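A look at the structure
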Amino acid sequence: MDVVVVGAGLSGLICARELRRRGLEVQLLEARERWGGRLHGHTTASGLRVDLGGQWVGATHHRLIGLLEDFGLRRYPTAYDGEGIFHWNGVPHQAGLEHDYRSSLLFFRPADLGLPAAELHDTLTLQRRFLELVDQVPPAAPWNAPGAEALDRISIAGWLQEQSAGELARYPFAWLTRMGGSGGFEPHESSMLHLAWTQATAPQHDTPEAWLVEGGAAQLADRLAAELRDGLRLGAPVGAIEQDGGGVRVSHGAGEVVTAAAAVVAIPPPLRLGIRFSPALPPECSGLLQRSAMGSMVKVLALYPRPFWRERGLNGLGIGNLPTLELTVDSTPPGGPGLLAGFIAGERAVRWQRLSEAQRRRAVLTDLASWWGAEAAEPTELVLHNWNNESWSGGAFTSFPAPGALTTYGPVGQQAHGRVVWAGTEAASRWPGYFEGAIEAGLAAAAQVGALLGGESAG
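Residues numbered from 1 in each chain as written. Predicted model: local features only at pLDDT ≥ 70, side-chain atom pairs only at ≥ 80, totals over all residues. Heavy atoms only, no water.

**Here's the deal with the overall build of the protein chain**
Within the protein chain one finds 13 helices and 23 strands. Computed over C-alpha atoms, the radius of gyration of the protein chain comes to 22 Å, within 12% of the 23 Å expected from 2.2 N^0.38 for 459 residues, which places it in the range of a compact globule. In terms of overall dimensions, the protein chain has C-alpha extents of about 70 × 55 × 40 Å along its principal axes. The burial tally for the protein chain puts 60% of its 459 residues in the buried class. (Helix = DSSP H or I, 4+ residues; strand = E, 2+ residues; numbered from the N terminus. Rg over C-alpha atoms; globule rule 2.2 N^0.38 Å. Buried < 20%, exposed > 50% of the residue type's maximum accessible area, 1.4 Å probe, protein only.)

So this is what it looks like as structure tokens:
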């Protein structure tokens, strides 16, 4: 083989496809018995195809949009017409959406919320201060931001305490850590620099949840895998990658070995620690991996005979500090049954997964009723997918670094290790944690390998 690609998530699939288009022989190895990684489809009891993992297409996800068009997959807009609900301390506040996210309170028009004026003023003032900080963070090199070391050594919670932020002013930051951009962690678990970087690279004001895919986004993985089927091996976890001046030896499965000129590793950063590299990774690289964790995330899908909330002029967008669900979004397909997608994240997910099955279901239904009324507590089907149980994903849709890790280890974290190149959505400098980031990283890794092998050929 010319190249071995480890991991058949979207980034690995894209990388393998691009390498093949360059005329290279590629072997794609996947630990699971399925392809797609965090791009994962499911057929409900009623026959509807839904996404257990990622599902949205952003307004500026141009590579992703182009890929969908290449495969003839159609998009439909996320339903944002009408009013949503901001649930705050047990009280639902119905409000319209603000088209300019920078002027909103988590997408809602602040003046519509009926919140105390002084608290709302402090919240929006702190948000503007944060956005000014975000504008100073270089997406490809956050460690070069002004005051980067100080921002990286203080947690998000610590920074908010320094600002004397009140309860409402703190909440948008907590919501971003658990839901927006990076996802699945708490404000005390990562640095202010990391949070600012997530918004510099994947800004909420660019509408990352603008579109949905008819039949589910997981079709992308199926189409790509079909192109690569003869070079795709499932049930083949990689245990070791050895390299010398002439190439790499990749050990997988029950002691099988494949040799190649180069390897691309397209799996979440923490899972790279499960591979034995020879020669060993540089200390700075392994140091960053040891200080990177996957967030905690549960996907919730509730199906109804019809999108009944629309009959009340509501759009299904719910955000707020309920005990279990912090987000619901109308994901109803054209002409299909009503569908609400939601998430349980961070410490809420950890507490939730400790409950019995009946208690977990009851907790979700209780919050759905708090959002959308008694009818929401009686879905025709309730799908709950705990990504923390996925051993080959490890948790949420991307990883996050511990405080201090970005400035100490970040500059070398994505450097190639000899003939080993890194991919995966976390390797992107634009839209990491999203499909678009996975595509960018896969194409970039293919270009790196092409330059490496092209240089050898020229030599």
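That was the structure; now back to the text.
**Examining the pattern of salt bridges**
Counted by the stated rule, this structure contains 21 salt bridges. Note that Glu326 is salt-bridged to Arg178, the shortest N-O span being 2.5 Å. Separated by 148 residues along the polypeptide, Glu326 in the loop between strand E18 (314–320) and strand E19 (327–330) and Arg178 in helix H6 (residues 167–178) bring together distant segments of the chain. Residue classification places Glu326 among the buried positions, given a relative accessible area of 0%. Take Arg178: its relative accessible area is 6%, and that puts it in the buried class. Arg430 is the salt-bridge partner of Asp206, the closest N and O atoms lying 2.8 Å from each other. (Salt bridge = Lys/Arg side-chain N within 4 Å of Asp/Glu carboxyl O.)

**Re the nonpolar core**
Within the largest apolar cluster, 62 residues are counted, with the highest numbers of intra-cluster contacts made by Phe86, Phe130, Trp159, Phe173, Trp175, Met192 and Ile319. Residues within four places of Trp159 in sequence aside, it is in contact with Leu126, Leu133, Leu151, Ile154, Phe173 and Met192. The next biggest cluster of nonpolar side chains, apart from the first, holds 41 residues, and it includes Leu24, Leu64, Ala262 and Phe435. (Core = buried A, V, L, I, M, F, W, Y, C linked by side-chain atoms within 4.5 Å. Contact = heavy atoms within 4.5 Å.)

**Some remarks on the packing of aromatic side chains**
Applying the stated criterion to the full structure yields 16 aromatic pairs. When the ring of Phe277 is compared with that of Trp422, the centres are 5.8 Å apart and the planes differ by 75°; the resulting orientation is edge-to-face. Here the residue Phe277 occupies a position in strand E15 (residues 276–278), and Trp422 occupies one in strand E23 (residues 420–422), the gap between them amounting to 145 residues. As far as burial versus exposure is concerned, Phe277 and Trp422 are alike and both buried. Judged by centre distance (5.9 Å) and plane angle (80°), the rings of Tyr304 and Trp309 are edge-to-face. (Phe/Tyr/Trp six-rings, centres within 6.5 Å; stacked < 30°, edge-to-face > 60°.)

**Let's talk about helix H12 (residues 405–413)**
Listed as buried for H12 are Ala405, Leu406, Thr407, Tyr409, Gly410 and Gly413. Where H12 is buried, its residues meet helix H4 (148–153), helix H7 (192–201), helix H9 (283–290), strand E22 (399–401) and E23.

**Section: unusual backbone geometry**
The peptide bond linking Ser278 to Pro279 adopts the cis configuration, its omega dihedral lying at 0°. Looking at the secondary structure, you find Pro279 in the loop between E15 and H9. Of note, the phi angle at Phe107 is positive, near 80°, even though the residue is not glycine. With respect to the secondary-structure elements, Phe107 resides in the loop between strand E8 (91–95) and helix H3 (117–134). One non-glycine residue, Thr207, lies in positive phi territory at about 55°. By secondary structure assignment, the location of Thr207 is in the loop between H7 and strand E9 (211–213). Relative accessible area serves as the criterion here: at 35%, Thr207 is assigned to the partly exposed category.

**Some points on the sheet that holds strand E17 (residues 297–304)**
What the seven strands build is an open sheet, ordered E8-E7-E18-E19-E20-E17-E21; its pairing is mixed. Each end of this open sheet is capped by a strand with a single partner; those strands are E8 and strand E21 (381–386). Neighbour-to-neighbour, the strand axes of the sheet open up by a mean angle of 20°, direction not taken into account. Pairing analysis gives five bridges linking strand E7 (residues 83–88) to E8, with the strands arranged antiparallel. Within E8, the residue paired with His87 across the bridge is Pro92. The strands touched by H6 are E7, E17, E18, E19 and strand E20 (338–345); relative to E7, the strand with the most contacts, the crossing angle is about 110°. (Pairing = 2+ DSSP bridges. Axes fitted to C-alpha atoms, helices over the stretch in contact; angles between N-to-C directions.)

**Concerning H6**
For the α-helix, the turn length of 3.6 residues means that residues three or four positions removed from each other point alike. Compared with the 16 Å implied by 1.5 Å per residue over 12 residues, the 16 Å span of H6 between its first and last C-alpha is a close match. Within H6, the full set of buried residues consists of Leu168, Ala169, Tyr171, Pro172, Phe173, Ala174, Trp175, Leu176, Thr177 and Arg178. (Expected span 1.5 Å × (residues − 1).)

**Things to note about the sheet that holds strand E6 (residues 75–77)**
One open sheet holds the three strands; their spatial order is E5-E9-E6, and the pairing between them is antiparallel. Either end of the sheet is taken by a strand with one partner, and the two such strands are strand E5 (56–57) and E6. Pairing of E5 with E9 involves two bridges; the strand directions are antiparallel. Looking at E9, one finds that Trp56 is bridged to Leu212.

**Quick word on the environment of Gln359**
Along the chain, Gln359 turns up in helix H11 (residues 357–372). Polar contacts involving the side chain of Gln359 include one to the main-chain amide nitrogen of Ser356, which spans 2.9 Å. (Polar contact = N/O pair within 3.5 Å; in protein donor to acceptor, adjacent residues only side chain to side chain.)

**Quick word on the side chain of Ser292**
Looking at the secondary structure, you find Ser292 in strand E16 (residues 292–294). Taking relative accessible area as the criterion, Ser292 reaches 13% and is therefore assigned buried. For Ser292, the side chain forms a polar contact with the main-chain oxygen of Leu288, separated by 2.8 Å. Not counting the four nearest positions on each side in its chain, Ser292 is found in contact with Pro270, Ser399, Phe400 and Pro401.

**Quick word on the pairing of E20**
Along E20, eight of the eight residues are buried, which leaves the element largely enclosed by surrounding structure. Relative to E20, E17 runs antiparallel, the two being bridged by eight bridges. Bridge pairing in E20 links Val298 to Ile344. As paired strands, E19 and E20 are joined by four bridges and run antiparallel to one another. Each residue of the ladder has a partner; that of Val329, found in E20, is Ala341.

Scope: geometric values only; no functional claims are made or implied.
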